[in-house]
Amino acid sequence: MVQRLEKADVVTVGVGWTGGIIAAELTKAGYKVVGLERGAEQKTEDFLQTKDELRFDSRYDLLQNLSNETITFRNTSDMTALPMREYGAFHLGTGLGGAGVHWSGVTWRFLPYDFEIRSQTIEKYGEEKIDTDMSLQDWGITYEELEPYYDRFEKTAGISGEENPYGGFRSDDYPTPPMKTTPALRLFKNATEEMGYQPFMAPSANLSEQYTNPDGKTIYQCQFCSFCSRYGCDFGAKSDPINTVIPTAQETGNFELHTYANVTEIIHEDGVATGVRFVDLTTGMEYEQPADVVVLTSFVLNNVRLLLQSELGQPYDPESQTGIIGKNYCYQVEFDGQGFFEEKYNMHMGAGALGMAIDDFNGDNFDHSELDFLHGGWISLRQNGRTPISSNAVPAGTPSFGREFKEQSIYNFYRMLSVGTQGASLPNVNNYLDLDPTYTDELGNPLLRMTFDFHEQDRNLRAFLAERMEEILTQMGASDISVDKELGSFDVEPYQSTHNTGGVIMGDDPETSAVNNYLQMWDHDNVFVVGASAFAHNSGYNPTGTVGALAYRAAEGIENYLSNGGGQLVQGEKSKKHV
Ligand SMILES: Cc1cc2nc3c(=O)[nH]c(=O)nc-3n(C[C@H](O)[C@H](O)[C@H](O)COP(=O)(O)OP(=O)(O)OC[C@H]3O[C@@H](n4cnc5c(N)ncnc54)[C@H](O)[C@@H]3O)c2cc1C
Ligand code: SF4
């Protein structure tokens, strides 16, 4: 027997950064918002004295339990997908605040080029520069249109940063100054300057100084404790949804939160959603939460899964290349190179987003005329802190156990520096998400199936970025440099990044996109799908700055929808800006 709850103005499925922003903005505007979060409630105090590497970094205490729910994976559509039973390539958040609680905090804006990538590529290099199996599209919004929302997210989170010399127009400075530099960061800065590049401090949600945001929420100064990525911050110094947007929503009195509420279906009829169905994971009871507006804020993978499971939108079919839900799933080409030094660098202290960056090889910041790939990646030296279990860098050729390993590991603890990159991931018609025909979650619902592999674009990009990284390490004075230029097939085992994107992409044409530039579904006016699922491709940066900006824009769209009596917020155009 399904119990029907009182109707809300808005229901969000998931309460991380995106669900929190939607809840904060709409409750402040006087709307009743219900947030359904499948995980537990958590708060900053829960993380006091919990710098436990085994618990959080090795055993993934804050992540989604893969024995309850996971994804299945295969490289190509002629393979049988199998469930991912152990964490590897990406780490899925759960609980109040989502992955925003244990993120690192590097908070970029994408380049103006990203939003008009197809048009600009054709204009500059001709259409033949785009591979025929690369489903590259403009996003249906320009950087200039999104800029005010980037500014809002940065002010909510208090981002500490220094202007990117290649970045788009900024209406204001970062709200707090850049993080401190360290000897290792200065080494990278000097080397890259000598090479003619333009280094600057990466934008960080680990704050350089105490800051109170426009909603009155205070975020404290980072202590460089090193237990940052995959950990909650007990100092309240990492901007996250539980110290910013969620308490903002709660203080209005208009926000009702249900934890352990696992949403299984969007209920809809004749193009209108009437609410969602969820299971209370503590009792097994089923509930229906009616609402005027349904907002999916359940991260990329579950945004796609819930739409497919609920039969909203047209599923993507790679054979005919028709349909849209699941299309343009992208990832990233992320890797590090190591160099060993005579001098010691104290890398004990660090923070998730502490880093010196160059953007000279990102986007179209450099000429691609003679290159066999598009886009690029930011290159950096990050000082995230060395923790006791996972920090064991040794030069190539060292045995992986025994006396020599121990000696090398101890000797090199302070002498290894790594330079890393996050290369863009451009869509390929053969990479997509759909429902698995075999495997189900603990509630009996089909798992999401991921079909993804790297292609020539990714391999050529990696080789190019690896050469630049090798040159930088050489200029820094490293010996025993190892930067792997080869990229094999995508493998779910080694950690790469939780920068999964696409599947419910935005655009200005209902035939080639699922949502408009307010992230409102073209074919269901009262369903908004918020998150990196809207990215038409993935850029060479971390995604959450853009996710946050889009969430603020979606909140504005929902408010317009509710106050104007519904309807489409954007008139769809037959666009030339797609494949
Ligand atoms: C280790 C790590 C480090 C990262 N570092 C960075 C970084 O430095 N910079 C950056 O830009 N990004 C980073 N990210 C990515 C960043 O965390 C995400 O982009 C961001 O959290 C996305 O916010 P979201 O609200 O879309 O999703 P999430 O934070 O994943 O929140 C979604 C919420 O929905 C809930 N949910 C899912 N399905 C259901 C359902 N069916 N019913 C109810 N609730 C549901 C989940 O439990 C979760 O709480 C990192 C991620 C990880 C894991
Ligand atoms: S490094 Fe800074 S922001 Fe990260 S957990 Fe430690 S104190 Fe918090």
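Report on the accompanying structure. (Residues numbered from 1 in each chain as written. Chains lettered and ligands numbered in written order. Predicted model: local features only at pLDDT ≥ 70, side-chain atom pairs only at ≥ 80, totals over all residues. Heavy atoms only, no water.)

## A word on the overall build of the protein
Now for step 1: Scanning the protein for helices and strands turns up 11 helices and 22 strands.
Now for step 2: By the compact-globule yardstick of 25 Å for 579 residues, the protein fits well, its C-alpha radius of gyration being 23 Å.
Now for step 3: The principal-axis extents of the C-alpha atoms in the protein amount to approximately 65 × 55 × 50 Å.
Now for step 4: For the protein, buried positions account for 62% of its 579 residues.
Now for step 5: Put simply, 76% of the contacts in the protein that link residues at least 6 apart link residues at least 24 apart.
Now for step 6: Roughly 21,900 Å² of accessible area belongs to the protein as shown, and the carbon and sulfur atoms make up 45% of that amount. (Helix = DSSP H or I, 4+ residues; strand = E, 2+ residues; numbered from the N terminus. Rg over C-alpha atoms; globule rule 2.2 N^0.38 Å. Buried < 20%, exposed > 50% of the residue type's maximum accessible area, 1.4 Å probe, protein only. Contact = heavy atoms within 4.5 Å. Areas by Shrake-Rupley, 256 points an atom, 1.4 Å probe, with all protein chains shown as cover.)

## Some thoughts on the site of ligand 1
Now for step 1: Neighbouring ligand 1 are 35 residues, the closest being Thr18, Glu37, Val106, Asn302 and Thr544.
Now for step 2: In the model, an oxygen atom of ligand 1 is placed 2.9 Å from a nitrogen or oxygen of the Ala99 main chain.
Now for step 3: Interatomic distance of 3.0 Å between a backbone N/O atom of Ser104 and a nitrogen atom of ligand 1.
Now for step 4: The biggest single contributor to the shell around ligand 1 is strand S10 (residues 261-269), with three residues.
Now for step 5: A class-by-class count of the residues in the shell around ligand 1 yields 11 nonpolar, 21 polar and three charged. (Near = heavy atom within 4 Å. Polar contact = N/O pair within 3.5 Å; in protein donor to acceptor, adjacent residues only side chain to side chain. Nonpolar A, V, L, I, M, F, W, Y, C, P; charged D, E, K, R; others polar.)

## Description of helix H11 (residues 544-563)
Now for step 1: Relative to the 28 Å expected for 20 residues at 1.5 Å per residue, H11 spans 28 Å between its end C-alpha atoms, a close match to the ideal helical length.
Now for step 2: Summarising burial for H11: 16 of the 20 residues are buried, a large majority.
Now for step 3: Phi turns positive one or two residues past the end of H11, at Gly565, with a value near 75 degrees. (Expected span 1.5 Å × (residues − 1).)

## Quick notes on the sheet that holds strand S17 (residues 416-423)
Now for step 1: The six strands are arranged S6-S15-S16-S17-S14-S20 in an open sheet whose pairing can be described as antiparallel. If you trace the sheet from one side to the other, it starts and ends with strand S6 (200-201) and strand S20 (479-482), each paired once.
Now for step 2: The sheet contact formed by strand S14 (residues 333-340) and S20 spans two bridges and is antiparallel. Bridge pairing links Gln338 to Ser482 in S20.
Now for step 3: Packed on one face of the sheet, helix H6 (residues 183-194) meets S6, strand S15 (355-358), strand S16 (377-382) and S17 and runs near 15 degrees to S15. (Pairing = 2+ DSSP bridges. Axes fitted to C-alpha atoms, helices over the stretch in contact; angles between N-to-C directions.)

## Digging into helix H1 (residues 17-28)
Now for step 1: For H1, which comprises 12 residues, the first-to-last C-alpha distance of 16 Å matches the rise-based estimate of 16 Å (1.5 Å per residue) to within 8%.
Now for step 2: Counting buried residues along H1, 11 of its 12 residues qualify, which places the element largely inside the surrounding structure.
Now for step 3: Of the residues making up H1, those classed as buried are Trp17, Thr18, Gly19, Gly20, Ile21, Ile22, Ala23, Ala24, Glu25, Leu26 and Thr27.
Now for step 4: One or two residues past the end of H1 sits Gly30, with phi positive at roughly 100 degrees.

## Looking at the site of ligand 2
Now for step 1: Within the structure, ligand 2 sits among 14 residues, and Cys222, Cys225, Cys228, Cys233 and Phe235 are positioned closest to it.
Now for step 2: Tallied by class, residues from the shell around ligand 2 come to nine nonpolar, four polar and one charged.

## A closer look at the pairing of S17
Now for step 1: Of all eight residues in S17, seven are buried, a share of seventy percent or more.
Now for step 2: In this sheet, S17 lies alongside S14 in antiparallel orientation, the contact comprising eight bridges. Residue pairing across strands places Phe335 opposite Thr421, the latter belonging to S17.

## Observations concerning the packing of H1 against H11
Now for step 1: Direction vectors running N to C along H1 and H11 enclose 35 degrees, while the axes themselves pass 9 Å from each other. As for the relative orientation of H1 and H11, their crossing is right-handed in sense. Two secondary-structure elements touch here, H1 through Trp17, Thr18, Ile21, Ile22, Glu25 and Leu26 and H11 through Thr544, Val547, Gly548, Ala551, Tyr552, Ala554, Ala555, Ile558, Glu559 and Leu562.
Now for step 2: Here the residues of the contact of H1 with H11 sort into 11 nonpolar, three polar and two charged. (Left-handed = near helix turned anticlockwise from the far one by under 90°.)

## A few points about the environment of Tyr414
Now for step 1: Mapped onto the fold, Tyr414 is located in the loop between helix H9 (402-412) and S17.
Now for step 2: On a C-alpha basis, the gap between Tyr414 and Phe115 in space is 41 Å, while along the polypeptide they are 299 residues apart.
Now for step 3: Excluding anything up to four places from it in sequence, Tyr414 contacts Glu343, Lys344, Tyr345, Asn346, Met347 and His348.
Now for step 4: In terms of polar contacts, Tyr414 uses its side chain to reach the side chain of His348, at 3.1 Å.

## A word on the pairing of strand S19 (residues 446-451)
Now for step 1: A large share of S19 lies buried, amounting to five of its six residues.
Now for step 2: Two strands pair when backbone bridges link them, and strand S4 (residues 71-74) and S19 are joined in this way by four bridges, in the parallel orientation. Across the sheet, the residue bridging to Ile71 is Leu448, located in S19.
Now for step 3: Here strand S18 (residues 432-440) runs beside S19; their pairing, made up of five bridges, is antiparallel.

## Quick word on unusual backbone geometry
Now for step 1: Although it is not a glycine, His375 adopts a positive phi angle of roughly 65 degrees.
Now for step 2: With respect to the helices, strands and loops of the structure, His375 is situated in the loop between S15 and S16.
Now for step 3: With a phi close to 50 degrees, Asp480 is a non-glycine residue in the positive phi region.
Now for step 4: Along the polypeptide, Asp480 turns up in strand S20.

## Comments concerning the sheet that holds S19
Now for step 1: Taken together, four strands build an open sheet; the order of strands is S5-S4-S19-S18 and the sheet is mixed. The sheet terminates laterally at strand S5 (82-83) and S18, the two strands that pair on one side only.

## Here we look at the nonpolar core
Now for step 1: Core analysis: the largest hydrophobic core is formed by 163 residues, its most contacted members being Leu301 and Met476.
Now for step 2: The contact partners of Leu301, leaving out residues within four places of it in the chain, are Ile71, Phe90, Leu92, Tyr329, Leu433, Leu448 and Met450. (Core = buried A, V, L, I, M, F, W, Y, C linked by side-chain atoms within 4.5 Å.)

## What about the pattern of salt bridges?
Now for step 1: Inspection of the entire model under this criterion finds 28 salt bridges.
Now for step 2: Between Glu265 and Arg277 there is a salt bridge; the shortest N-O distance is 2.8 Å. Taken together, the residues span a long stretch of sequence, with Glu265 in strand S10 and Arg277 in strand S11 (residues 272-280) at a distance of 12 residues.
Now for step 3: The exposure class of Glu265 is partly exposed, given its relative accessible area of 29%.
Now for step 4: Between Lys485 and Glu470 there is a salt bridge whose closest N-O contact spans 3.0 Å. Taken as a pair, Lys485 in the loop between S20 and strand S21 (501-503) and Glu470 in helix H10 (residues 456-476) lie far apart in primary sequence, 15 residues in all. (Salt bridge = Lys/Arg side-chain N within 4 Å of Asp/Glu carboxyl O.)

## Points about the side chain of Arg449
Now for step 1: Along the chain, the position of Arg449 falls in strand S19.
Now for step 2: For Arg449, a relative accessible area of 13% gives the class buried.
Now for step 3: Ignoring any residue separated from it by four or fewer positions in sequence, one finds Arg449 in contact with Thr72, Arg74, Ala81, Tyr432, Leu433, Asp434, Leu435, Asp436 and Pro437.

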